[in-house]
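Given next are the chains, with one letter for each unit.
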Amino acid sequence: TNTCAHEGVEGYLVRVEASVSTGLPQLTFVGLPDMAVREGRERVRSAIRATTPDFPRGRGLVNLSPASRRKAGSAFDLSIAIALLTAAGLSESEKVRDTAFLGELGLDGQVRAVNGALPAALCASRRGLERLVLPRANAEEAALAGGLAVYGVDSLGETLSLLRSGFKAAPVVVDAEALLAERANGSLVRL
């Protein structure tokens with residue numbers, strides 16, 4: 001799968017590769033993940049179990065590429081979960097290739113808002129990806145980037161349904177001028 005990381009306001013593409021094999025139940029992350037990404041093992045595992053009972057027990061390996069750049073934060077969770085589900089044959093792999101996934105997972109499979117939605121959308125668009133799937137709370141911000149279809153989701157299960165439907169749902173569309181005017185008016189302090 002694809003996801004985007006950012007350093008400041010500059011985003012860069014991260015490729016998430018996963019394999020699932022027999023062996024002792026274990027999930028290993030490689031590719032210079034920081035502590036928040038490594039802690040995602042338990043979030044991802046729990047979210048997958050809460051979403052689908054069909055996930056095989058065994059050894060999972062996740063590679064975050066490029067390995068030379070440090071990966072920080074919890075926004076990789078959704079992409080990692082989709083990569084593992086695809087490797088296990090439980091997700092549609094055809095549409096995954098042209099899609100970026102971004103979001104923190106709760107233990108129950110809920111997708112939580114993250115920082116950096118706009119830089120991620122700009123990165124995904126620049127890299128020629130067709131779609132971005134991220135938390136519903138971040139969808140309007142990401143849609144401001146233009147150049148790709150943006151889908152907001154609330155859960156890992158909803159993400160799987162979106163993939164299985166071939167992205168039949170309508171993407172988020174934002175009137176940038178109206179949104180910025182609304183936010184500017186709402187942020188004025190009145191005395």
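In every chain, residue numbers begin from 1 and rise along the written sequence. Selection of residues for local features in this predicted model requires a pLDDT of at least 70, selection of side-chain atom pairs for listing and counting requires 80 or more, and totals for whole chains, interfaces and linings are taken over all residues. Side-chain measures here rest on the full set of heavy atoms in the structure, leaving out hydrogens and waters.

## Comments concerning the environment of lysine 71
Put simply, DSSP H or I for four residues or longer makes a helix, DSSP E for two residues or longer makes a strand, and each gets a number counted from the N terminus. Its location among the elements puts lysine 71 in the loop between β4 (59–65) and α2 (77–87). Sequence spacing of lysine 71 and alanine 170 is 99 residues, and the spatial spacing of their C-alpha atoms is 31 Å. Only heavy atoms enter the contact rule, under which two residues are in contact if any of them lie within 4.5 Å. What lysine 71 contacts, discounting residues up to four positions off in sequence, is Tyr12, Val14, Gly31, Leu32, Pro33, Asp34, Val37, Leu64, Ser65, Pro66 and Phe76. Engagement of the side chain of lysine 71 in a polar contact is seen with the backbone oxygen of leucine 64, the distance being 3.4 Å. Two N or O atoms form a polar contact when they lie within 3.5 Å of each other; inside protein one atom must be a possible hydrogen donor and the other a possible acceptor, and for residues adjacent in sequence the pair counts only when both atoms belong to side chains.

## Focus on the environment of glutamate 92
Considering the arrangement of structural elements, one finds glutamate 92 in the loop between α2 and β5 (99–101). Owing to a relative accessible area of 39%, glutamate 92 belongs among the partly exposed residues under this scheme. Between the alpha carbons of glutamate 92 and serine 161 there is a distance of 9.7 Å; along the sequence they are 69 residues apart. Exposure categories follow from relative accessible area, calculated using a 1.4 Å probe and restricted to protein chains: below 20% of the type maximum is buried, above 50% is exposed, and the middle band is partly exposed.

## Considering the pairing of strand β9 (residues 149–153)
A regular strand places its side chains so that they alternate between the two faces of the sheet. Judged by how many residues are buried, β9 sits mostly within the fold: five of five residues are covered. Side-chain alternation along β9 places Ala149, Tyr151 and Val153 on one buried face and Val150 and Gly152 on a second face that is also buried. Sheet topology note: the strand β8 (residues 131–135)/β9 ladder contains five bridges and is parallel. Directly across from arginine 131, in β9, lies its bridge partner alanine 149. At least two bridges found by DSSP between two strands is the condition for calling them paired.

## A few points about the pairing of strand β1 (residues 2–7)
Direction of pairing for β1 relative to strand β2 (residues 10–21): antiparallel, over a ladder of six bridges. By the bridge assignment for β2, asparagine 2 is matched with arginine 15. The hairpin formed by β1 and β2 contains two residues between the paired strands, and glycine 8 there has a positive phi angle of roughly 70°.

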